[in-house]
Amino acid sequence: MPKIKPYYWLAFSFFGFFCAYGVFMPYFPAWLKSQSYAAGTIGFIVASAYIFRFLGSIFFTRFIKEAHHLLVALRYLAWTSCAVMLFMSLFVQNIWLLCIGLWLFSTVSSAAIPLSDTLATTWQLQVKNLDYGRVRLIGSCAFIVGVSVFGYFLGIIGKQYVGWMMLGLLLTYASVQMLSPSLMPQHQASEQTDTPTSLKALLKNPITLRIIIVVGLIQGSHAAYYVYSVIYWTNLGIPLQTTSLLWGASVAAEVLFFFFSSRLCSAYSIRTLLYACVIFTTIRWAAFPFATTVEEILPIQLMHSVTFALSHYTIVRYISTQPPKTFANLQGLYNAFAGCASIALLSALAGWLYPISPQATFLTMAGFAALGLFFVPRHLPKMKITSIS
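## Focus on the overall build of the chain
Inference 1: If you tally the helices and strands in the chain, you get 16 helices and 0 strands.
Inference 2: For 389 residues, the compact-globule estimate of 2.2 N^0.38 gives 21 Å, and the C-alpha radius of gyration of the chain, at 20 Å, lies within 12% of that figure.
Inference 3: C-alpha extents for the chain along the principal axes are approximately 60 × 50 × 35 Å.
Inference 4: Burial statistics for the chain: of 389 residues in total, 58% are counted as buried.
Inference 5: Within the structure as shown, the chain displays about 15700 Å² of accessible surface, and the carbon and sulfur contribution to it stands at 68%.

As structure tokens, then:
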């Protein structure tokens with residue numbers, strides 16, 4: 001089999017993963033609802049999954065001692081995800097077996113995000129013209145395909161087939177992982193003998209800690225949206241095919257952001273970008289419960305380019321200023337705390353609030369996002385910026 005350049009390897013990998021994730025994230029709750037699970041139960045099932053996503057993010061990154069281990073780990077994780085999704089599809093109506101499958105799936109699939117980003121960062125140091133922003137943009141495009149194209153198809157065949165559709169997409173993703181890159185990832189010579197900085201040591205850095213808290217509050221506030229947006233919109237009378245387009249619009253805005261991220265953000269400090277993320281996220285969730293038509297919802301969806309994409313860009317930009325030996329653990333911390341633990345806690349809260357008042361649930365998310373204003377670092381030292389877009 002011919003070998004492919006690192007850029008194309010990453011592009012295929014990101015496309016496969018995010019296409020499958022584009023079906024899983026919005027439609028997994030709808031799948032559970034089609035199996036007669038109650039809204040509160042769905043919230044707590046999803047919240048429990050994020051706890052295991054947290055554990056997976058922390059657990060697997062600690063075993064990456066050499067750069068080439070990244071490829072091996074991604075391949076094993078991809079095929080394990082396929083096996084677990086098959087198990088979940090067969091036993092979705094048994095809540096305990098479903099939870100066991102979901103917990104395993106969350107543990108192994110969560111590691112793919114920080115490991116893929118670490119691989120991209122590592123290759124970027126080897127291949128100077130490798131453009132992280134553009135290759136990550138391909139992942140966002142794949143998410144649009146998953147959420148829009150396959151979501152539209154689910155609206156036709158029925159939400160009960162989400163698991164089987166996910167299995168097919170994951171098998172494609174796992175097959176892509178078996179491609180051989182033309183350049184194996186390697187640490188720089190100066191870094192090969194360095195011991196990776198421990199997670200505890202990284203958290204002792206007050207700037208790192210505060211940035212992770214801010215991004216954790218921003219991304220955690222998306223919890224109610226991830227779990228209940230499709231259910232909320234369908235209860236308003238919006239068909240599933242249209243909700244798939246609304247999700248697709250949010251990620252299309254994310255794609256445009258990543259495409260122009262260097263021109264849009266390079267002149268601004270990390271501190272300024274964090275403030276922008278907090279403010280726009282607060283506005284988005286405060287407005288969400290008052291938008292009841294597609295025309296009102298669409299502008300709120302386009303704000304995803306700031307509430308998620310900009311926050312992701314900002315912390316990856318911060319990580320790129322740190323020593324390369326810290327990349328894997330910093331990516332793991334970011335994904336574990338901002339992308340998992342915070343969403344787990346707020347998903348559990350949303351699961352309790354949503355049956356009482358959907359509107360109050362989204363307003364509460366706005367309140368948590370606003371808390372980020374108190375944690376943005378007041379002073380940041382001058383940092384050497386490695387271009388990430």
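From this point, the discussion proceeds with the structure in view.
## What about a nonpolar patch on the surface?
Inference 1: Residues Leu86, Leu90, Phe91, Tyr152, Phe153, Ile156, Ile157, Tyr161 and Trp164 make up a contiguous nonpolar surface patch of roughly 870 Å² in combined accessible area.
Inference 2: Listed by contribution, the elements that provide at least two residues to the nonpolar patch are α3 (69-90) and α6 (132-157).
Inference 3: Per-element tally for the nonpolar patch: the top contributor is α6, with 4 residues.
Inference 4: With relative accessibility at 53%, the residue leucine 90 sits in the exposed group.

## Description of the nonpolar core
Inference 1: In terms of nonpolar packing, the biggest core is built from 125 residues, with Leu10, Phe28, Met88, Met166, Trp233 and Trp247 touching the most fellow members.
Inference 2: Counting residues per element, this core draws most heavily on helix α1 (residues 6-34), which supplies 17 residues.
Inference 3: If near-sequence neighbours (up to four positions away) are discounted, tryptophan 247 is found in contact with Met25, Pro26, Phe143, Val147, Tyr225, Tyr226, Ser229, Val230, Trp233 and Gln301.

## Quick notes on the environment of phenylalanine 375
Inference 1: Along the chain, phenylalanine 375 turns up in the segment after α16 (358-370).
Inference 2: Taking the C-alpha atoms as reference points, phenylalanine 375 and tyrosine 268, separated by 107 residues in sequence, lie 18 Å from one another.
Inference 3: If we ignore the near neighbours within four places in the chain, the residues touching phenylalanine 375 are Arg210, Ile213, Val214 and Leu217.

## Here's the deal with the packing of aromatic side chains
Ring pairs (aromatic) are described by centroid distance and by the angle formed between their planes.
Inference 1: Tallying each qualifying case throughout the model produces 26 aromatic pairs.
Inference 2: Summarising the aromatic geometry, the rings of phenylalanine 143 and tryptophan 247 are spaced 6.1 Å apart at their centres and angled 25° between planes, so their arrangement reads as stacked. Of the two residues, phenylalanine 143 sits in helix α6 while tryptophan 247 sits in helix α11 (residues 240-265), which places them 104 residues apart along the sequence.
Inference 3: Look at phenylalanine 143 and you get buried, because its relative accessible area is 8%.
Inference 4: Here the aromatic residues Phe14, Phe17, Phe18, Tyr21, Phe24, Phe28, Trp31, Phe105 and Tyr173 are joined through ring pairs into a cluster of three or more.
Inference 5: In this arrangement the basic side chain of arginine 284 is found over the ring face of tyrosine 225, its NZ or CZ atom lying 4.8 Å from the centre.

## Some remarks on the environment of leucine 71
Inference 1: Looking at where leucine 71 falls in the secondary structure, it is placed in helix α3.
Inference 2: Given a relative accessible area of 1%, leucine 71 falls into the buried group.
Inference 3: Residue contacts for leucine 71: discarding those within four places in its chain leaves Trp9, Leu119, Trp123, Pro181, Met184 and Pro185.

## A short note on α6
Inference 1: Taking 1.5 Å per residue as the helical rise, α6 with its 26 residues ought to reach 38 Å, and the 36 Å between its terminal C-alpha atoms agrees with that figure.
Inference 2: Of all the bends in α6, the greatest measures close to 30° and is centred on glycine 151.
Inference 3: Phi turns positive, to about 115°, at glycine 158, one or two residues after α6.

## Here's the deal with the packing of α3 against helix α5 (residues 112-126)
Inference 1: Between α3 and α5, the least distance of the axes is 10 Å, while the angle of their chain directions is 150°. In this view, α3 runs roughly antiparallel relative to α5, as classed from their interaxial angle. Seen along the crossing, α3 lies across α5 with a hand that is left-handed. Here Leu70, Leu71, Ala73, Leu74 and Leu77 of α3 come into contact with α5, specifically with Ala112, Leu115, Ser116, Thr118, Leu119, Thr122 and Trp123.
Inference 2: Grouping the constituent residues of the contact of α3 with α5 by class yields 9 nonpolar, 3 polar and no charged.

## Some details on the side chain of serine 244
Inference 1: Of note, serine 244 is situated in helix α11.
Inference 2: Each residue touching serine 244, except ones within four places of it in the same chain, is listed here: Tyr27, Val147, Ser148, Gly151 and Tyr152.

## Some thoughts on the packing of α6 against helix α7 (residues 162-177)
Inference 1: In the contact formed by α6 and α7, the axes pass within 11 Å of each other and the chain directions differ by 145°. Like other packed secondary-structure pairs, α6 and α7 cross with a definite hand, here right-handed. Within the contact between the two elements, α6 uses Phe150, Phe153, Leu154 and Ile157 and α7 uses Val162, Met165 and Leu169.
Inference 2: For the contact of α6 with α7, the class distribution of residues is 7 nonpolar, no polar and no charged.

## Notes on helix α15 (residues 327-353)
Inference 1: Counted at 1.5 Å a residue, the expected span for α15 with its 27 residues is 39 Å, and the 37 Å between its end C-alpha atoms agrees.
Inference 2: Along α15, the helix axis deviates most sharply at isoleucine 343, where the bend reaches about 30°.
Inference 3: α15 sits mainly inside the fold: 22 of its 27 residues count as buried.

Rules used in this analysis
Residues numbered from 1 in each chain as written. Predicted model: local features only at pLDDT ≥ 70, side-chain atom pairs only at ≥ 80, totals over all residues. Heavy atoms only, no water. Helix = DSSP H or I, 4+ residues; strand = E, 2+ residues; numbered from the N terminus. Rg over C-alpha atoms; globule rule 2.2 N^0.38 Å. Buried < 20%, exposed > 50% of the residue type's maximum accessible area, 1.4 Å probe, protein only. Areas by Shrake-Rupley, 256 points an atom, 1.4 Å probe, with all protein chains shown as cover. Patch = residues over 30% accessible without salt bridge, like charges linked within 9 Å, V, L, I, M, F, W, Y side chains within 5 Å. Salt bridge = Lys/Arg side-chain N within 4 Å of Asp/Glu carboxyl O. Core = buried A, V, L, I, M, F, W, Y, C linked by side-chain atoms within 4.5 Å. Contact = heavy atoms within 4.5 Å. Phe/Tyr/Trp six-rings, centres within 6.5 Å; stacked < 30°, edge-to-face > 60°. Lys NZ or Arg CZ within 6 Å of the ring centre and 35° of its normal. Expected span 1.5 Å × (residues − 1). Bend = angle between axes of the 7 residues up to and from the residue. Axes fitted to C-alpha atoms, helices over the stretch in contact; angles between N-to-C directions. Parallel < 35°, antiparallel > 145°, perpendicular 65-115°, else oblique. Left-handed = near helix turned anticlockwise from the far one by under 90°. Nonpolar A, V, L, I, M, F, W, Y, C, P; charged D, E, K, R; others polar.

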